[in-house]
Protein chains: 2
Amino acid sequence: MGDTTWKTAAASTDPEQACPIAPVVDIVFSRWTTPILWTLNQHGRQRFVELQRRITTITPKVLTQRLRQLERDGLIVRTYHPEVPPRVEYEISDLGRSLAPLFAHLAEWAAVNLDKVDRARHAYDNASAH
Amino acid sequence: MGDTTWKTAAASTDPEQACPIAPVVDIVFSRWTTPILWTLNQHGRQRFVELQRRITTITPKVLTQRLRQLERDGLIVRTYHPEVPPRVEYEISDLGRSLAPLFAHLAEWAAVNLDKVDRARHAYDNASAH
DNA sequence: ATAGTCACTTTCCTCTAGGTACCTACTATA
DNA sequence: TATAGTAGGTACCTAGAGGAAAGTGACTAT
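Residues numbered from 1 in each chain as written. Chains lettered and ligands numbered in written order. Predicted model: local features only at pLDDT ≥ 70, side-chain atom pairs only at ≥ 80, totals over all residues. Heavy atoms only, no water.

## Describing the sheet that holds strand β2 (residues 76-81) of chain A
Residue and element names in this part refer to chain A. If you walk across this open sheet you meet the three strands as β1-β3-β2, and the pairing is antiparallel. Of all the strands in the sheet, the pair left with one neighbour each is β1 (46-47) and β2. Pairing of β1 with strand β3 (residues 87-92) involves two bridges; the strand directions are antiparallel. Among the inter-strand pairings, R47 is bridged to a residue of β3, identified as E89. Sheet strands touched by helix α2 (residues 33-43): β1, β2 and β3. Its angle to β3, the strand with the most contacts, is close to 90 degrees. In this fold helix α4 (residues 60-72) packs onto β2 and β3, with an angle of close to 115 degrees to the strand it touches most, β2. (Pairing = 2+ DSSP bridges. Helix = DSSP H or I, 4+ residues; strand = E, 2+ residues; numbered from the N terminus. Contact = heavy atoms within 4.5 Å. Axes fitted to C-alpha atoms, helices over the stretch in contact; angles between N-to-C directions.)

Pasting the structure below:
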């Protein structure tokens, strides 16, 4: 009767209904945003080509797209120098830097547990093979 | 799921060249895996329909797919009871539970910084409108 | 005159996660 | 008789992320 444990929230598009971290996942964790944020945090201010050289498999189109998105979300800062050849520098913002401990936490989890996931996969595959 | 795309998924493409946490992102953070893990960690052992009711917008097909993937990765445990309406229970594994502090960390970041992202977006949109 | 640099942009294409809708076997209940 | 509940499976389709390759503009070095 007196319980209020249901969801009265707006019925927009929401996998986050039940999960408060879903929006963060959307903003920070995708195939390319995470590596970009990581290298920017690790190696400081960098130019477009430097990012391209470090994240070897990204294409220029996608790199531009992700950088724009991260800039719009306030996680990185873009500085354009109207020189000849043009020079653009990207650096992590204060907001972006606030993710650093989180990333460290994640890296630690990866170091400890990634092989467990691998073993679980092999066990599952072997079990379902028979 | 009838495909075999997951068998050789080990050394395909690698954005993780420069980023040690990319594999974790791939395993844990997607549109549906995160909410599933979250509610399983929050509300304990649950049946298929309970999960469906909590994560209101997920379809049964996708729920099955993500649950299978999480089971294969060793993050959740599936228990099948061959009764007469069939009963299946899902619970988080020890490996999955080891993500809990990380999720808490993420939730805290979200609570503090999500509105900053929102403001950054509005600022960006207003600036580029002119 | 040609080639190269930089930071993209554009066009076209593929691939896959996810969505829609319907189906299964079995039984308890109305 | 007919409906509902359970845990999915199957077939088909769409949207969006991402990949490949070429082009652009303004200049410089050879």
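## Here we look at the relation of the copies chain B and chain A
The two copies are related by a screw motion: chain B maps onto chain A through a turn of 180 degrees and a shift of 0.0 Å along the axis, at an RMSD of 0.1 Å. Expressed as a symmetry operation, the mapping of one chain copy onto the other fits a two-fold axis. Within chain B, the C-alpha atom positioned nearest to the axis of rotation is that of B:F29, 3.3 Å from it. A shared binding surface is used by both copies, with 94% of the interface residues of chain B retained as interface residues in chain A. (Least-squares fit on C-alpha atoms with pLDDT ≥ 70 in both.)

## Comments concerning the protein's contact with DNA strand C
Contacts to DNA strand C come from 20 residues, most closely from A:R78, A:Y90, B:K61, B:R66 and B:V84. Of all atoms in DNA strand C that approach within 4 Å of the protein, 65% are sugar or phosphate atoms. A:R47 places a polar side-chain atom, nitrogen or oxygen, 3.0 Å from a phosphate oxygen of DNA strand C. Here a phosphate oxygen of DNA strand C and a backbone polar atom of A:V88 are 3.1 Å apart. Those elements that provide at least two residues to the surface near DNA strand C are α3 (48-54), α4 and β3 of chain A together with α4 (60-72) of chain B. The element contributing the most residues to the surface near DNA strand C is α4(A), with four residues. (Near = heavy atom within 4 Å. Polar contact = N/O pair within 3.5 Å; in protein donor to acceptor, adjacent residues only side chain to side chain.)

Bear in mind that shape data such as this cannot, by itself, settle questions of function.
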